[in-house]
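These are the residues of each chain, in order.
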2 protein chains.
Amino acid sequence: MQTRAERFAVFRRALKEKGLKSTAQRDDIARAFFASHRHMSIDDLYREVRKVNPRVGYATVYRTIKLLKECELADEQHFADGQTRYENADREEEHHDHVICDRCGRIVEFSDDSLEQLQEEIAARLGFVLAHHRLELYGICRECREGRGAPAPTDRMGRVRP
Amino acid sequence: MQTRAERFAVFRRALKEKGLKSTAQRDDIARAFFASHRHMSIDDLYREVRKVNPRVGYATVYRTIKLLKECELADEQHFADGQTRYENADREEEHHDHVICDRCGRIVEFSDDSLEQLQEEIAARLGFVLAHHRLELYGICRECREGRGAPAPTDRMGRVRP
DNA sequence: GTCAGTGCAAAAGATTTGCATGCGA
DNA sequence: TCGCATGCAAATCTTTTGCACTGAC
């Protein structure tokens, strides 16, 4: 498990290797991203960064998250609601998948070796060599079933925000 | 396996039940959708329908695909490239998942009972009652590995179109 | 000093919506 | 006839881009 500081160092090093510059904006955005809860939308990240540095533009957030993706420090996720979200990637950490509550939007991560293995087998049977995959399970979480689920936070479109 | 005619009948019936009208546009869009190869984008569908009925607007395609989703005749898919696509849903047909070739964009469908069962177990362990799920495997298909893969068709954005 | 990086605004792409008109029941 | 459905255009949202200016190296 990488620490925030380690990730930040990876980012700085990657910039240097690519001949790109370190700037206050990039640093602030990367730091906000590394410090974040998982599964942030661009808008979440923009708001977080603005708290620290109100001089950051929306475009720079997009440009920087693209850099973070290239450095494999951010993973882009397209969940069923169509919203694009990003999460901290960690090369040392095991791959994981998501279970998402249809009612409250809660996202729980899990990983399961026999599942991974089964997927490899299925792909091989179809003639594919697997590079990566995405699995999302959708259902109702225990809290919601028992009627004590917190009301789901929604964005201006009324969509659930995890 | 439902035939096109059966799906069309389901659609007609659903409209009637909801107190909605059958119109030439809705019929043409539904027919084009049912007749289609799988995984159409809105734009694909729009172009198909225009071949038959050039008097159909983009908005109506969006409005009608939304109806088809409500009738569970269309499934919305958000693949990793971010493009929204729709496929024919069939309640009588087994649920299936996708393997997607990273190189040529080919999409192969499969279904596997032990996989489904394993997912149920994992979800239950986490306190979820599963409603549905999405699994996409990404890798390189045999044809591409052996260097005889067809060049992938791409849209105006340069994205692979399955 | 140079040139990549930035903010802003504008553009571009995807989807939705308001409204006057059309047409199915 | 009465409303729902439609086409169009305009509005919204998301993401990208052009450009003049700023700041890292």
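You'll find the structure just up there.
Residues numbered from 1 in each chain as written. Chains lettered and ligands numbered in written order. Predicted model: local features only at pLDDT ≥ 70, side-chain atom pairs only at ≥ 80, totals over all residues. Heavy atoms only, no water.

Enquirer: Just give me the short version of the side chain of His133 of chain A, but keep the residues and values in it.
Expert: Positionally, His133 of chain A belongs in strand β6 (residues 129–140). Polar contacts involving the side chain of His133 of chain A include one to the side chain of Asp97 of chain A, which spans 3.4 Å. Separated by 3.1 Å, the side chains of His133 of chain A and Gln119 of chain A make a polar contact. Those residues in contact with His133 of chain A that sit more than four places away from it in its chain are His95, Asp97, Glu116 and Gln119 of chain A together with Leu135, Glu136, Leu137 and Tyr138 of chain B. (Helix = DSSP H or I, 4+ residues; strand = E, 2+ residues; numbered from the N terminus. Polar contact = N/O pair within 3.5 Å; in protein donor to acceptor, adjacent residues only side chain to side chain. Contact = heavy atoms within 4.5 Å.)

Enquirer: Give me the protein's contact with DNA strand D: which residues, what numbers.
Expert: The local shell around DNA strand D holds 22 residues, among which Tyr62 of chain A together with Thr23, Arg26, Arg55 and Thr60 of chain B are the closest. Considering DNA strand D, the proportion of its atoms within 4 Å of the protein that are sugar or phosphate atoms stands at 67%. Between a base nitrogen of DNA strand D and a side-chain N or O atom of Lys21 of chain A, the distance comes to 3.1 Å. Interatomic distance of 3.3 Å between a backbone N/O atom of Ser22 of chain A and a sugar or linking oxygen of DNA strand D. (Near = heavy atom within 4 Å.)

Enquirer: Before we move on, can you summarise helix α3 (residues 42–52) of chain A with the specific residues and values?
Expert: For α3 of chain A, the set of buried residues is Ile42, Asp43, Asp44, Leu45, Tyr46 and Val49 of chain A. Contact partners of the buried residues in α3 of chain A: α2 (24–35), β1 (40–41), α4 (58–70) and β3 (84–88) of chain A. (Buried < 20%, exposed > 50% of the residue type's maximum accessible area, 1.4 Å probe, protein only.)

Enquirer: Describe in detail the pattern of salt bridges, supporting the description with residues and values.
Expert: Residue and element names in this part refer to chain B. The full count for this structure, using the stated rule, is 19 salt bridges over all chains. Between Arg47 and Asp43 there is a salt bridge whose closest N-O contact spans 2.5 Å. Here Arg47 and its partner Asp43 are both found in helix α3 (residues 42–52), 4 residues apart, which amounts to about one turn of the helix. Overall, Asp43 belongs to the buried group, its relative accessible area being 14%. Between Glu48 and Lys51 there is a salt bridge; the shortest N-O distance is 3.0 Å. Of this pair, Glu48 and Lys51 both sit in helix α3, separated by 3 residues, roughly a single helical turn. Of the residues examined, Glu48 reaches a relative accessible area of 33% and is grouped as partly exposed. Residue classification places Lys51 among the exposed positions, given a relative accessible area of 64%. (Salt bridge = Lys/Arg side-chain N within 4 Å of Asp/Glu carboxyl O.)

Enquirer: Hey, could you go over the interface of chain A and chain B for me, with residue numbers and the actual values?
Expert: Taken together, the 38 residues of chain A in the interface contact 37 residues of chain B. When the two sides are added together, the surface that chain A and chain B hide from each other amounts to roughly 3,100 Å², 66% of it contributed by carbon and sulfur. Counting the surface chain A buries against chain B, the share from its top three residues, Phe128, Arg134 and Tyr138 of chain A, is 21%. Between Asp112 of chain B and Arg125 of chain A there is a salt bridge, with its nearest N and O atoms 3.5 Å apart. Inspection of the chain A/chain B interface yields 18 residue pairs in polar contact (both at pLDDT 80 or more). Counting residues per element, the ones that place at least two in the side of chain A that touches chain B are β4 (97–101), β5 (107–110), α5 (113–125), β6 and α6 (142–145) of chain A. Here the side of chain A that touches chain B gets 12 residues from one element, more than from any other, and that element is β6 of chain A. (Buried area = accessible area lost by both parts, 1.4 Å probe.)

Enquirer: Provide a residue-level description of the packing of α2 of chain A against α3 of chain A, including the pertinent values.
Expert: Residues and elements named next belong to chain A. Orientation of α2 relative to α3, taken along the N-to-C sense of each, is 120°, at an axis distance of 9 Å. Looking at the two axes, α2 sits oblique to α3. Classified by chirality, the crossing of α3 by α2 is right-handed. Residues Asp28, Ile29, Ala32 and Phe33 of α2 touch α3, and the partners they reach there are Leu45, Glu48, Val49 and Val52. Counted by class, the contact of α2 with α3 contains 6 nonpolar, no polar and 2 charged residues. (Axes fitted to C-alpha atoms, helices over the stretch in contact; angles between N-to-C directions. Parallel < 35°, antiparallel > 145°, perpendicular 65-115°, else oblique. Left-handed = near helix turned anticlockwise from the far one by under 90°. Nonpolar A, V, L, I, M, F, W, Y, C, P; charged D, E, K, R; others polar.)

Enquirer: I'd like a description of the protein's contact with DNA strand C, backed by residues and values.
Expert: If you check the shell around DNA strand C, you find 21 residues, and the closest are Thr23, Gln25, Arg55 and Thr60 of chain A together with Tyr62 of chain B. Counting only atoms of DNA strand C within 4 Å of the protein, the sugar-phosphate share comes to 70%. In the model, a phosphate oxygen of DNA strand C is placed 2.3 Å from a nitrogen or oxygen of the Arg55 of chain A main chain. Among the elements of the structure, α2 and α4 of chain A together with α4 (58–70) of chain B are those that each provide at least two residues to the surface near DNA strand C. Residues that form the surface near DNA strand C fall into these classes: 5 nonpolar, 7 polar and 9 charged.

Enquirer: Pulling in residues and values, what's your account of the sheet that holds strand β6 (residues 129–140) of chain B?
Expert: Spatially, 6 strands are ordered β5(A)-β4(A)-β6(A)-β6(B)-β4(B)-β5(B) in an open sheet, and the strand pairing comes out mixed. The open sheet has two edge strands, β5 of chain A together with β5 (107–110) of chain B, and neither has a second partner. Ignoring strand direction, the axes of neighbouring strands in this sheet form an average angle of 20°. Note: strand β4 (residues 97–101) of chain B against β6 of chain B, 4 bridges, orientation parallel. Counterpart to Cys101 of chain B in the pairing with β6 of chain B is Gly139 of chain B. Strands in contact with α5 of chain A are β4, β5 and β6 of chain A together with β5 and β6 of chain B; relative to β6 of chain A, the strand with the most contacts, it is inclined by about 125°. Relative to the sheet, helix α5 (residues 113–125) of chain B contacts β5 and β6 of chain A together with β4, β5 and β6 of chain B, its axis offset from that of β6 of chain B by approximately 125°. (Pairing = 2+ DSSP bridges.)

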